[in-house]
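# Architecture at a glance
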Amino acid sequence: MSGIYIHIPFCKKACHYCDFHFSTNLKKKKVMLDAIAEELRLRKLEMQGKEIQTLYFGGGTPSILGVAEIIELIETVNDNYAVSTKPEITLEANPDDLTKDLIIQLSNSPINRLSIGVQSFFDEDLKLMNRAHNSREAESSIKTAMDYFKNLSVDLIYGIPGLSNDRWIENIEKALSFDIPHISSYALTVEPKTALEKFIQKGIVEDVDDELVQEQFHILVNRLKKEGFIHYETSNFGKAGFFSQNNTAYWQGKHYLGIGPSAHSYDGESRSWNIRNNSKYIKAISESRLPLEKEVLTKKDRYNEHIMTGLRTIWGVSLDEINTYFGPEYARYLLDHSEKYIKKELLYLKGETLRATKKGKFLVDGIAADLFLLNLK
């Protein structure tokens, strides 16, 4: 399985917590879309011999585009890549963009999956985060989208300053009331140089409470499990048959091509990333230059990434695969260093597969980092 991610670097307004690459100035939208289409053409040989099974429009805010603009990019992919007969094509969308008319147009396009950035059903949370939508728009967009899309996901954020456990439970129950088949949920992270960080430093907004964040994570996990959701990755929950194919490919180490400013790519041996500057990106593409940096991964790098991504999922890390791909010394290293976490019931070994326990899932990134191979003696 291979995929293409297209980064649309535009938003109506800047969310206080976001450190993704975007611009609120839409003057260069047309020339940017032309550049993205040209990058797709310039890089088609990188996916030669590979079938594209997923196409993901992320950002930024892809739903800021018109349907004709989205279709034009999809057609550029179809014209230059070997695309499967039934690819998963996801569009990230903000509730304020999803009018009934747009939803109907999207449902008649090749887009077959929507990921709606709700974040919260409470206006006080949305205002704190400086989201462009309100709670009424959040509910309305989901109700309408469910009439036209079978494959639908919503994003929710927990750990928001001032978000009590009771209100978090109300958020979860509201999402469940729509019978959505997929939920992605993330802890609010205070990223450097964001407005949120400045507000916290000045005492305007209270700091994130780490204990409350962990409580809300477990509240989410327990509630969604009761509703039949499968916790298939640390931040993702899906009903059977509704896992995100695009994101699953990332976690399983499949190849993907990242198109657009700041987008990342992976080919199994190296990673590359485009420049985080719209003007420089457009200029380079206009000169048929790829504005990217590339890093060839060492064997140790690939091992560490395998551990990080594998432990975040229900599939875990196979010791047999570690032995096959990296060698017996790597498998022994992993098993030896995992022992303390197995004793603490944060990891468990079933057969030849190492996975995080229910208690260990919230801590899995730290655990994985501690299992990274630094020096193999």
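Let us look at the structure shown here.

### As for the packing of helix H11 (residues 299–311) against helix H12 (residues 319–326)
The geometry of H11 relative to H12 is characterised by a closest axis approach of 11 Å and an angle of 165° between their N-to-C directions. The angle between H11 and H12 places the two elements in the roughly antiparallel class. Along this stretch, H11 crosses H12, giving a crossing that reads as right-handed. Taking contact as the criterion, the partners of Lys299, Arg302, Tyr303, His306 and Ile307 in H11 are, on H12, Glu321, Ile322, Tyr325 and Phe326. Each residue belonging to the contact of H11 with H12 can be placed in one class, and the counts come to five nonpolar, one polar and three charged.

### Observations regarding the sheet that holds strand E14 (residues 347–350)
The strand order across the open sheet formed by three strands is E13-E15-E14, and the pairing between neighbours is antiparallel. Because the sheet does not close on itself, it has two edges, and the strands there are strand E13 (317–318) and E14. Where E13 meets strand E15 (residues 353–356), two bridges bridge the pair, whose relative direction is antiparallel. Note that in E15 the partner of Val317 across the bridge is Leu354. Most of the contacts of helix H13 (residues 328–343) go to E14, to which it runs at about 125°, and overall it touches E13, E14 and E15.

### A short note on the pattern of salt bridges
Within the structure shown, the criterion is met by 20 salt bridges. A cluster of three or more residues bridged by salt bridges with shared partners is formed by Lys12, Asp96 and Asp97.

### Digging into helix H10 (residues 278–286)
Along H10, the positions that sit buried rather than exposed are Asn278, Tyr281, Ile282, Ala284 and Ile285. Down the axis, H10 shows its buried residues gathered within 165° of arc, on one side only. Structural note: H10 exposes Lys280 and Ser286 on the side pointing more than 90 degrees away from its buried face. Summarising the contacts, the buried residues of H10 are in contact with helix H1 (29–42), strand E9 (255–259) and strand E11 (270–274). Residue Asn277 occupies the N-cap position of H10, its side-chain oxygen lying 3.1 Å from the main-chain nitrogen of Ser279.

### Overview of the pairing of strand E12 (residues 292–296)
Regular strands place side chains that alternate from one sheet face to the opposite one. Little of E12 sits out of view: just zero of its five residues are buried. In this sheet, E12 lies alongside E11 in antiparallel orientation, the contact comprising five bridges. Looking at E12, one finds that Ser270 is bridged to Val296.

### Remarks on a negative patch on the surface
On the surface, Glu206, Asp207, Asp209, Asp210, Glu211 and Glu215 cluster together to form a negatively charged patch. Position of Asp209 relative to the elements: it lies in the loop between helix H7 (195–201) and helix H8 (210–226).

### A closer look at the side chain of Ser115
You can see Ser115 is positioned in strand E4 (residues 113–119). Ignoring any residue separated from it by four or fewer positions in sequence, one finds Ser115 in contact with Tyr56, Thr90, Leu91, Glu92, Ala93, Ser153 and Asp155.

### Some points on unusual backbone geometry
The peptide bond linking Gly59 to Gly60 adopts the cis configuration, its omega dihedral lying at 20°. Even without a glycine there, the phi angle at Gln119 is positive, about 70°. Within the secondary structure, Gln119 sits in strand E4. Residue class for Gln119 comes out buried when judged on its relative accessible area of 7%.

### A closer look at the pairing of strand E7 (residues 230–233)
The pairing of E7 with strand E8 (residues 236–238) spans two bridges and is antiparallel. Within the sheet, the bridge partner assigned to Glu233 lies in E8 and is Asn236. In this antiparallel pair of consecutive strands, E7 and E8, the connection spans two residues.

### Some words on the state of the cysteines
Tallied over the full model, the rule gives zero disulfides. Just so you know, Cys15 is unpaired, no disulfide at all, and the nearest cysteine sulfur is the one on Cys18, 6.1 Å from it.

Rules and cut-offs
Residues numbered from 1 in each chain as written. Predicted model: local features only at pLDDT ≥ 70, side-chain atom pairs only at ≥ 80, totals over all residues. Heavy atoms only, no water. Axes fitted to C-alpha atoms, helices over the stretch in contact; angles between N-to-C directions. Helix = DSSP H or I, 4+ residues; strand = E, 2+ residues; numbered from the N terminus. Parallel < 35°, antiparallel > 145°, perpendicular 65-115°, else oblique. Left-handed = near helix turned anticlockwise from the far one by under 90°. Contact = heavy atoms within 4.5 Å. Nonpolar A, V, L, I, M, F, W, Y, C, P; charged D, E, K, R; others polar. Pairing = 2+ DSSP bridges. Salt bridge = Lys/Arg side-chain N within 4 Å of Asp/Glu carboxyl O. Buried < 20%, exposed > 50% of the residue type's maximum accessible area, 1.4 Å probe, protein only. Arc of directions from axis to C-beta. Polar contact = N/O pair within 3.5 Å; in protein donor to acceptor, adjacent residues only side chain to side chain. Patch = residues over 30% accessible without salt bridge, like charges linked within 9 Å, V, L, I, M, F, W, Y side chains within 5 Å. Areas by Shrake-Rupley, 256 points an atom, 1.4 Å probe, with all protein chains shown as cover. Lys, Arg positive; Asp, Glu negative; His and termini not counted. Charge placed at Lys NZ, Arg CZ, Asp CG, Glu CD. Disulfide = S-S within 2.5 Å.

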